[in-house]
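Take a look at the letters that make up each chain.
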Amino acid sequence: MCESNLYSEDGELLMEDVILIEVLEDGIKATDVLNSTRKFEGKLTRLDLDKHRIYIKQK
């Protein structure tokens with residue numbers, strides 16, 4: 001499978017097994033393999049596809 005984990009810029013794990021990221025005007029919406037969604041205020045800063053990591057800078 002191609003899930004990734006979502007981290008803050010500080011390296012704090014925010015969400016596991018993310019399969020969808022939606023960039024919104026006021027933040028980011030992440031959906032995991034169980035179809036649970038969470039919204040984060042901030043912006044996407046880095047995608048590490050090799051390590052399956054997504055980084056965001058939170059407000």
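Residues numbered from 1 in each chain as written. Predicted model: local features only at pLDDT ≥ 70, side-chain atom pairs only at ≥ 80, totals over all residues. Heavy atoms only, no water.

A. The arrangement of the sheet that holds strand S1 (residues 4–8) in detail. Spatially, S4-S3-S2-S1-S6-S5 is the arrangement adopted by the six strands of the open sheet, whose pairing is mixed. Only two strands of the sheet have a single neighbouring strand rather than two, namely strand S4 (37–40) and strand S5 (42–48). Looking at each pair of strands side by side, their axes are set apart by 40 degrees on average, direction ignored. Two strands pair when backbone bridges link them, and S5 and strand S6 (residues 53–58) are joined in this way by six bridges, in the antiparallel orientation. (Pairing = 2+ DSSP bridges. Helix = DSSP H or I, 4+ residues; strand = E, 2+ residues; numbered from the N terminus. Axes fitted to C-alpha atoms, helices over the stretch in contact; angles between N-to-C directions.)

B. Representation of the pattern of salt bridges within the structure. Inspection of the entire model under this criterion finds two salt bridges. With a closest N to O distance of 3.9 Å, Lys-29 and Glu-22 form a salt bridge. Note on Lys-29: relative accessible area 30%, which makes it partly exposed. For Asp-26, the salt bridge is made with Lys-39, and the minimal N-O distance between the two is 3.0 Å. Taken together, the residues span a long stretch of sequence, with Asp-26 in the loop between strand S2 (13–24) and strand S3 (27–32) and Lys-39 in strand S4 at a distance of 13 residues. We classify Asp-26 as partly exposed; its relative accessible area is 41%. (Salt bridge = Lys/Arg side-chain N within 4 Å of Asp/Glu carboxyl O. Buried < 20%, exposed > 50% of the residue type's maximum accessible area, 1.4 Å probe, protein only.)

As far as function goes, none of this settles anything; it's purely spatial.
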